[in-house]
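What follows is the residue order along each chain.
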Amino acid sequence: MPFNTFKEYMSRQDVLAFAVLALLLLVVFPLSLDILRLNQVGKFLSFAFVAVGLVLCWGYGGILSLGQGVFYGLGGYAMAMYLKLEASSPENTSIQSTPGIPDFMDWNRITELPWFWVPFNSLTVALIAIVVVPAVFAYLIGFAMFKRRVSGVYFAIITQSIAAIMTILIIGQQGLTGGVNGITDLRTLKGWEINTDFASYVFYFVCVAMLFVCLFIAQFIRMSKVGKILIAMRGQEDRVRFSGYDIANFKIFVFCVGAAFAGIGGAMFTLQEGFMSPSFVGIVPSIEMVIFCAVGGRLSLPGAVYGALLVNIAKTTFGEAFPQLWLFAMGLIFIGVVLALPNGVAGVYNTFFARPVDALMARVLGRDKTRNTLTVPEQGVTS
Amino acid sequence: MNMSKTQGPFKGLTRRGLMAGSIAAFAATLMLSVPSWAEKPPTAEVNTTGLAVTDDTVTVGILHSVTGTMALSEEGSVQAEILAIEQINAMGGVLGRQIQYIQEDGASDWPTFADRARKLIRQDNVASVFGCWTSASRKAVLPIFERYNNMLYYPTFYEGLEQSPNVVYTGQEATQQILAGLDWVHREKGAETFYLLGSDYIWPRTSNKIARIHIEEHLGGRVLGEDYFPLGHTSFNSVINRIRLRKPDVVYAIIVGGSNVAFYRQLRAAGLDMTSEDFTLMTISVTEDEVLGIGGQNIEGAYSAMKYFQSLDNPNNEAFVKAFKERWGEDSVIGDVTQAAYLGPWLWKAAVEKAGSFDIDKVREATPGIELTTAPEGYVKVHDNHHLWSKLRIGKARRDGQFDVIYETEELMEPNPFPEGYQ
């Protein structure tokens, strides 16, 4: 057991932050929003998985990845491939030249299911692939980069180009991937309709539950010795190396965790939207995901969730109200956040509210000696 | 419930039901005898499924990209749909109700299209949606329209292989655009050898597949080459060299978007002159809108196969072009898809009036067989498969960016989204 007491795992502030988030996601939203909006919130939350992973990679490990969309896409496609195969039963596709394969393959004159599609006939394989495929891919990238001590801005550029390559690959191989259309028209999961209101409710709560699982894992990593080493690495990489740690392994580890989280997020999106598109894999969405993390505050796990929610809610609200102007409004908000709130929403909380809340809790519950949210060093964050 | 009970013969016949029935029958006879603009059936009758219909208004959705890479192409469709809605309103609206529209931005992003479609249908309860442009956006929203049962009027010419009861395809499917055009170039230009080009996605690939089968099996011609380029590709020199070496009678080009600009400029720079008799190029992807970007001097002499050109000479089109320019400015250019988008609201209006109801199921049932005699492209009729019967026209590109219409099929061509023998 790496933690002697619960307090070492979560400070009072952490418990409070998690509890407020849980209250918001599990009680306030479901009670106050209709199913259409709740489904939208669910989709926004799928991006929160990526942002939480980025808090670990970027906020703590100092690894800025501009290619998280790749992992989000891999998870999403893994889910979509399973659902597409289920939707492409020979009865449903009897009008095709080759019944039993997805419609887009038939249009591209492919007559046999490609080998890498075959395992996705099994839900178990698909569910494992959602986590494992992004993680293994991240491991390969991480192994190639970190072992050679590629870091900082070079790493960011390489991840970005991987995102570009991935998009080109998916769009170019349309017979195998659905191309620019993505994988569409997903209908059932084990015979259960996924486009009903009831299914939307179910998926929303599954999404929130999975998000909390990821948050608890992230919190565990953050407060464990690994988390401390990550912070040390971010500040002074050489000193950690000279102390005998293999820097690369820690970086690969945290990068893989971030990728696995992103994969789960992608799968949750596929389930809630009913299709997957290559438009999440490219450079622009990958950078957007970093923005979610930055707006929420890159050192705060719950902050990442709020960041993803806030940015997406703003995007939808502006988009619906001013179809032609919303991009400008979004741009202004981002500039404003970066200029005024370098540590995002969580930074505002830590600066203005954390102490009074602490004091209040101290009065009600007695003194708390582990105030971890406040003791995270804010300086030395580069890249 | 009550309504449906009285409809069955004597089933659950109550005195009140009988009275309501006879009143309805009386109202129906009354309605038949008065001109259409005076009709105003009560809302409860024309809207039994909770659509956004009030006593005075009916709300529809417009869903196109007004931001992002597709904005340039989709703008014309938005303008045409708004123009049609305004004209219908000026004539008294639909079933006595003025059309209001809610415009949403698909942002050239397919998941956003799906999200906004869901919002229009579920939250705004629109009575129908006019929108989408790329196949990808249509594929993204299609399950939503089918699941929540609403109507989409889709304006773009496309690859076919689809026939949804919840979509009315106001553009041509692939065979309508390809077969007659190839026949024409074979007959008039004596073309025997072809070189097929396309951007690399589903529409050009499917279209060239149909073209190749038609050339090889029906025209007895040969295909000398078939090449595809990624979207946004701008360097065509190597393929232009291959074309010069193999000397096809016709280059058949289905290149879309920004790639067009580079392609036609490089063709001209390479000395392949489309205004001369030795080199013939036919395209199904260049309308007046694309020529704006390509530049008239670069594409002069090319043949485009479409169902509509702005220069079409008929009274309907004259009135349409005039109204369009009055509403959206003298410099407006109207391409094939813009005209097809213009048909959407009119076809919907005709179907609603035929059905006597805004209910989606009734509108859908009324849709096959709808005719428009006022369409700018001429007479159109909706087929049972929800596509339009249409003519094919060949336009020869002029320097000023317009096309001379030099041929049109005599008969309307039957839409056939799943062509036998061409798959």
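Above this text is the structure in question.
Procedures and definitions
Residues numbered from 1 in each chain as written. Chains lettered and ligands numbered in written order. Predicted model: local features only at pLDDT ≥ 70, side-chain atom pairs only at ≥ 80, totals over all residues. Helix = DSSP H or I, 4+ residues; strand = E, 2+ residues; numbered from the N terminus. Rg over C-alpha atoms; globule rule 2.2 N^0.38 Å. Buried ≥ 20, exposed ≤ 12 C-beta atoms within 10 Å, placed from the backbone. Contact = placed C-beta atoms within 7 Å. Core = buried A, V, L, I, M, F, W, Y, C linked by C-beta atoms within 7 Å. Pairing = 2+ DSSP bridges. Axes fitted to C-alpha atoms, helices over the stretch in contact; angles between N-to-C directions.

All right, on to the overall build of chain B then. Counting its regular elements, chain B contains 15 helices and 15 strands. Against the 2.2 N^0.38 benchmark of 22 Å for 423 residues, chain B shows a C-alpha radius of gyration of 23 Å, consistent with a compact globule. Projecting the C-alpha coordinates of chain B onto the three principal axes gives extents of approximately 85 × 45 × 40 Å. Across the 423 residues in chain B, those meeting the buried criterion constitute 50%.

Residues and elements named next belong to chain B. Residue Leu 161 is not a glycine yet carries a positive backbone phi of 60°. By the element assignment, Leu 161 lies in the loop between β4 (152-154) and β5 (167-169). On the basis of neighbour counts, which here come to 20 C-beta atoms within 10 Å, the residue Leu 161 falls in the buried class. In the Ramachandran plot, Lys 247 falls in the positive-phi region, its phi being about 50° despite a non-glycine side chain.

Opposite the 25 residues of chain A that make contact, chain B presents 31 residues. If you list the elements that add at least two residues to the side of chain A that touches chain B, you get α3 (35-60) and α14 (301-321) of chain A.

Residues Ala 48, Ala 51, Val 52, Val 55, Ala 304 and Ala 308 of chain A are the most contacted members of the largest nonpolar core, which totals 175 residues. For Ala 308 of chain A, the contacting residues outside a window of four places in its chain are Phe 44, Leu 45, Phe 47, Ala 48, Ala 51, Phe 292 and Gly 296 of chain A. Core analysis: the second largest hydrophobic core is formed by 50 residues, Leu 179, Tyr 303, Met 306 and Tyr 308 of chain B among them.

Two strands in a sheet stick together by hydrogen bonds in their backbones, pointing the same way (parallel) or opposite ways (antiparallel). Residues and elements named next belong to chain B. Pairing within the open sheet is parallel, and its 5 strands lie in the order β2-β1-β3-β4-β5. Where the open sheet ends on each side, the last strands, each with one partner, are β2 (98-105) and β5. Pairwise comparison of adjacent strand axes, ignoring direction, gives a mean angle of 25° for this sheet. Pairing of strand β3 (residues 129-131) with β4 involves 2 bridges; the strand directions are parallel. Along β4, the bridge assignment pairs Val 129 with Leu 152.

Functional significance is not addressed by these values, which are geometric in nature.
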